[in-house]
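The lines below spell out each chain.
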Amino acid sequence: MFSPALAEGALYVASRDGAVAKLSLNDGKPVWRIKTNAQHSGGVGSDGSLVAVGTDKGEVIALDASTGSARWRARVSSEILSAPVVSEGLVVVRSADSRIFAFDVADGKRRWVYQRAAASLIVRAPTGVTVTRGALFAGFSGGKLVAIDLRSGAARWEATVAL
């Protein structure tokens, strides 16, 4: 099982075999449980109204947090290795090819893509992103940290954190 997501008094979990569930924080009992018919690779993210998972085929699957019913699906360029982030009206995922995609929570339409060249040698790791105060923060190979504007997908600043 991937790391759980805690949102609005519930715990959301996903497994590699396509299962997604909402669990009660009081007793751990399932509120709902569904199968997405996909192989998950990126864990689960939620804001309490939408639940999102990523797949090894580069698909983002969005579910209604109340019922578990499918809301939308979207494609990215490669496998999603980390849990999606659902925040500020967006579902943000990071693909294995160093791209970050933002989708509208309402309909799954792509809002922007941030891309930077990958280093010639990288370790395949589930590196996620952090969102706060209208910005997304992501580390990249080569020791770079980038702050990305959530509305536009443009880089606000870049810093070298390691050589």
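Structure first, text after, so check above.
Let's shift gears to the environment of Arg133. With respect to the element layout, Arg133 can be found in the loop between strand S13 (130-132) and strand S14 (135-140). Arg133 gets classed as exposed once you look at its relative accessible area, which sits at 78%. Taking the C-alpha atoms as reference, Arg133 lies 17 Å from Pro84; in sequence the two are 49 residues apart. Leaving out residues up to four positions away in the same chain, Arg133 has contacts with Glu88 and Arg156.

Pairing is antiparallel in the open sheet, where four strands are placed in the order S13-S14-S15-S16. Looking at strand neighbours, the two that pair on one side only are S13 and strand S16 (155-160), the edges of this open sheet. Strand-to-strand twist of the sheet, defined as the mean angle between neighbouring strand axes without regard to direction, takes the value 20°.

Before going further, it helps to spend a moment on the pattern of salt bridges. In this structure the tally under the stated criterion is eight salt bridges. A salt bridge links Asp17 to Lys35; the shortest N-O distance between them is 3.4 Å. Taken as a pair, Asp17 in the loop between strand S2 (10-14) and strand S3 (19-24) and Lys35 in strand S4 (residues 30-35) lie far apart in primary sequence, 18 residues in all. Members of the salt-bridge network, linked through shared partners, are Asp149, Arg151 and Arg156.

Here we come to the environment of Phe2. With respect to the element layout, Phe2 can be found in the segment before strand S1 (5-7). Judged by its relative accessible area of 24%, Phe2 falls in the partly exposed class. C-alpha of Phe2 to C-alpha of Gly153: the two residues are 151 residues apart in sequence and 27 Å apart in space. Residues in contact with Phe2, not counting those within four places in the same chain, are Ala14, Ser15, Arg16, His40, Ser41, Gly42 and Gly43.

Now for unusual backbone geometry. Backbone geometry at Glu8 places phi at a positive 50°, although glycine is not the residue there. Along the chain, Glu8 turns up in the loop between S1 and S2.

Once that is clear, we can look at the side chain of His40. Tracing the sequence through the fold places His40 in strand S5 (residues 40-46). One polar contact links the side chain of His40 to the main-chain carbonyl oxygen of Ser15, over a distance of 2.9 Å. If near-sequence neighbours (up to four positions away) are discounted, His40 is found in contact with Phe2, Ala14, Ser15, Arg16, Gly18, Ala19, Val20, Val53, Gly54 and Thr55.

Turning next to the packing of aromatic side chains. According to the stated counting rule, one finds five aromatic pairs in the structure shown. Look at Phe101 and Phe103: their rings are 6.3 Å apart centre to centre, the planes differ by 10°, and that puts the pair in the stacked class. Per residue, the accessibility class of Phe101 equals that of Phe103, and both read buried. Ring plane angle 50° and centroid distance 5.9 Å describe the contact between Tyr114 and Phe140, whose orientation is recorded as tilted. Of this pair, Tyr114 sits in strand S12 (residues 110-115) while Phe140 sits in strand S14, and the two are 26 residues apart along the sequence. Each member of the pair, Tyr114 as well as Phe140, carries the same accessibility label: buried. Cluster of aromatic residues (ring-pair linked, three or more members): Trp72, Phe101 and Phe103. Above the plane of the ring of Phe140 lies Arg94, whose end atom (NZ or CZ) is 4.4 Å from the centre. Sitting over the ring of Phe140, Arg116 keeps its end group 5.3 Å from the ring centre.

What counts, and at which threshold
- Residues numbered from 1 in each chain as written.
- Predicted model: local features only at pLDDT ≥ 70, side-chain atom pairs only at ≥ 80, totals over all residues.
- Heavy atoms only, no water.
- Helix = DSSP H or I, 4+ residues; strand = E, 2+ residues; numbered from the N terminus.
- Buried < 20%, exposed > 50% of the residue type's maximum accessible area, 1.4 Å probe, protein only.
- Contact = heavy atoms within 4.5 Å.
- Pairing = 2+ DSSP bridges.
- Axes fitted to C-alpha atoms, helices over the stretch in contact; angles between N-to-C directions.
- Salt bridge = Lys/Arg side-chain N within 4 Å of Asp/Glu carboxyl O.
- Polar contact = N/O pair within 3.5 Å; in protein donor to acceptor, adjacent residues only side chain to side chain.
- Phe/Tyr/Trp six-rings, centres within 6.5 Å; stacked < 30°, edge-to-face > 60°.
- Lys NZ or Arg CZ within 6 Å of the ring centre and 35° of its normal.

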